[in-house]
Amino acid sequence: MSTSFTPRIFSGIQPSGGLTLGNYLGALKRFVQKQDEGIETIYCLVDLHAITVWQDPERLRHQTREAAAGFIAAGIDPKRSILFNQSQVPGHAQLAWIFNCVARMGWMGRMTQWKDKTAGKNAEAESLGLFAYPSLMAADILLYHATHVPVGEDQKQHLELTRDIAIKFNHDYKVDFFPITEPVIEGAATRVMSLRDGSKKMSKSDPSDQSRINLTDDADTIAQKFRKARTDAEPLPETLAGLKDRPEARNLVNIYAALADMSPEAVLADYAGKGFGAFKPALADLAVAKLSPITAEMSRLMADPAEIDRTLGEGADRADAIAQPILARAMEITGMIRSRR
Ligand code: TYM
């Protein structure tokens, strides 16, 4: 297997709702760190993925701009990173088609996200796009020969499938063309849980707004949501082992650690023996201090949507320039005539 690919980071976020604290800690904050490490970074608002379930067109446009504003407000510099919306680079959909013909139906059917999204529903009534979703995701990554993909824990299986698609393509066509991408799942908050139920992931699609912190929440709302977060009556323990079977407590400690750039162990060293009456206000203050500047900058940026669109357009041009030769080569490998230049 080749090791000759230059390191390149790609990741994406669906603009299918507002950004949550889970997106921020599990993805966005780490995207900024990768950019600041000086590796080439490509970040994408995956609007084609968003429409695998119904999206109101005007809302989708608004949420895509708002997510772009969130990226920039959180520290993504559109000059150093490439920031764009997926639909504007046609190669994503084109390579996804090739991958639809490489991947097998059974692989898609085994995806836990597909199973979760269709659980208790009539899967026959879901869109074909939702079923093929992971194939488009593989195309997002491999269109740029990305070698590393920072994501939260919930995307791990999709990244394994991306590797399987690259391996099968390389094998079937007897080439060493697509890299075998490494998932990068790091830090204290790779799985931020709901504030109402420690067994459920914090998600933009949860019907309860109390379950999540949105990057658009104001300081009072953030404080109130942490105050009301479900916990238990025990004080915080001295060691992580003491948080076993206490998912809500563990979640709040992880959130604190990720926001403060500390390890969960260090958080416990500071708060061992203290109850949530002391810990929750400290967490709320920390969250407000870290998130309020981002929220304020987002709303400043949203006052000029044309500027956001211009930034995304520039990003799309740069992304397209990387994608085009890779797509052209993939088509050549699969036997298509290049009849137009
Ligand atoms: P999405 O839009 O659901 O989430 C975007 C990113 O945020 C992470 N994340 C979380 N991390 C920790 N705790 C949480 N509660 C939490 N919720 C979300 C996700 O793991 C993800 O990193 N399929 C992807 C989007 C995508 C993509 C890609 C990602 C499309 N193409 C190519 C990477 C590479 C998704 O739905 O993410």
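How each quantity is defined
- Residues numbered from 1 in each chain as written.
- Predicted model: local features only at pLDDT ≥ 70, side-chain atom pairs only at ≥ 80, totals over all residues.
- Heavy atoms only, no water.
- Salt bridge = Lys/Arg side-chain N within 4 Å of Asp/Glu carboxyl O.
- Helix = DSSP H or I, 4+ residues; strand = E, 2+ residues; numbered from the N terminus.
- Buried < 20%, exposed > 50% of the residue type's maximum accessible area, 1.4 Å probe, protein only.
- Polar contact = N/O pair within 3.5 Å; in protein donor to acceptor, adjacent residues only side chain to side chain.
- Contact = heavy atoms within 4.5 Å.
- Pairing = 2+ DSSP bridges.
- Right-handed = clockwise from strand over helix to strand, strands pointing away.
- Domains from an automatic or database assignment.
- Buried area = accessible area lost by both parts, 1.4 Å probe.
- Phe/Tyr/Trp six-rings, centres within 6.5 Å; stacked < 30°, edge-to-face > 60°.
- Lys NZ or Arg CZ within 6 Å of the ring centre and 35° of its normal.
- Near = heavy atom within 4 Å.
- Areas by Shrake-Rupley, 256 points an atom, 1.4 Å probe, with all protein chains shown as cover.
- Nonpolar A, V, L, I, M, F, W, Y, C, P; charged D, E, K, R; others polar.

Enquirer: Help me out: how do you make sense of the pattern of salt bridges in this one?
Expert: Where charged atoms from two side chains of opposite charge come close, those side chains can pair. Here the structure, examined in full by the defined rule, presents 24 salt bridges. In this structure, D261 engages K29 in a salt bridge whose closest nitrogen and oxygen atoms are separated by 2.6 Å. Of this pair, D261 sits in the loop between α10 (247–260) and α11 (264–271) while K29 is found in helix α1 (residues 21–36), placing the two residues 232 residues apart along the sequence. Taking the relative accessible area as the measure of exposure, D261 reaches 55% and is therefore exposed. Three or more residues are tied together by salt bridges with common partners; here these are K79, E307, R310 and E314.

Enquirer: Please clarify how the side chain of T147 should be interpreted in this entry.
Expert: Within the secondary structure, T147 is located in the loop between α7 (128–142) and β4 (148–150). Of note is the side chain of T147, whose polar atom sits 2.8 Å from the side chain of H148. Among all residues touching T147, those that are not within four sequence positions of it are F5, T6, P7, R8, T181 and E182.

Enquirer: How do you make sense of the pairing of strand β1 (residues 8–13) when you look at a structure like this?
Expert: Put simply, side chains in a regular strand alternate between the two faces of the sheet. Most of β1 sits inside the fold, with 5 of its 6 residues counted as buried. The pairing of β1 with strand β2 (residues 40–45) spans 6 bridges and is parallel. Among the inter-strand pairings, R8 is bridged to a residue of β2, identified as E40. One crossover worth recording links β1 to the parallel β2 by way of α1, and it is right-handed.

Enquirer: Even after reading the chapter, I still don't get the domain arrangement of the protein chain, so can you show me in this structure?
Expert: Many structure descriptions define interface size as the accessible area lost when the parts assemble. The domain boundaries assigned to the protein chain delineate domain 1 (8–190 + 304–333) and domain 2 (210–300). For domain 1 and domain 2, the distance between their C-alpha centres works out to 29 Å. At the junction of the two partners, domain 1 supplies 16 residues and domain 2 supplies 18 residues. For the pair domain 1 and domain 2, the two sides together bury roughly 1,300 Å², of which 74% comes from carbon and sulfur. For the domain 1 face of the interface with domain 2, the top three residues by lost area are L21, A73 and A188, together amounting to 38%.

Enquirer: What exactly am I supposed to notice about the packing of aromatic side chains here?
Expert: Aromatic ring pairs are described here by two measures, namely the spacing of the ring centres and the angle between the planes. Using the criterion set out here, one finds 15 aromatic pairs in the structure. Residues F99 and F178 carry aromatic rings whose centres are separated by 5.4 Å and whose planes lie at 75 degrees to one another, so their mutual orientation is edge-to-face. Here the residue F99 occupies a position in helix α4 (residues 91–102), and F178 occupies one in the loop between α8 (156–172) and β5 (182–184), the gap between them amounting to 79 residues. The pair formed by F99 and F178 is uniform in burial state, with each residue classed as buried. Among the aromatic side chains, those forming a connected cluster through ring pairs are F99, F169, Y173, F177 and F178. Between the NZ or CZ atom of K117 and the centre of the ring of Y133, over which it lies, the distance is 5.2 Å.

Enquirer: I'm lost on the site of the ligand in this one. Help?
Expert: Taken together, 27 residues surround the ligand, and among them Y133, D140, G152, D154 and V192 come closest. G152 places a main-chain nitrogen or oxygen 2.8 Å from an oxygen atom of the ligand. Here D154 contributes a side-chain N or O atom positioned 2.4 Å from an oxygen atom of the ligand. Protein coverage of the free-state accessible area of the ligand, which is 700 Å², stands at 97%. Looking at the shell around the ligand, its residues break down into 12 nonpolar, 10 polar and 5 charged.

Enquirer: What am I meant to see in the side chain of E248 here?
Expert: By the secondary structure assignment, E248 is in helix α10. E248 sits in the buried class, given a relative accessible area of 13%. At a separation of 2.8 Å, a polar atom in the side chain of E248 contacts the main-chain amide nitrogen of G198. Not counting residues within four places of it along the chain, the set of residues in contact with E248 comprises D197, G198, R230 and T231.

Enquirer: How should I be thinking about unusual backbone geometry in this particular structure?
Expert: Backbone geometry follows two general trends: most residues other than glycine have a negative phi, and most peptide bonds adopt the trans configuration. Within the chain, K174 stands out as a residue other than glycine whose phi angle is a positive 55 degrees. Looking at the secondary structure, you find K174 in the loop between α8 and β5. With a relative accessible area of 74%, K174 lands in the exposed category. Here the phi dihedral of D245 falls at roughly 65 degrees; this positive angle occurs in a residue that is not glycine.

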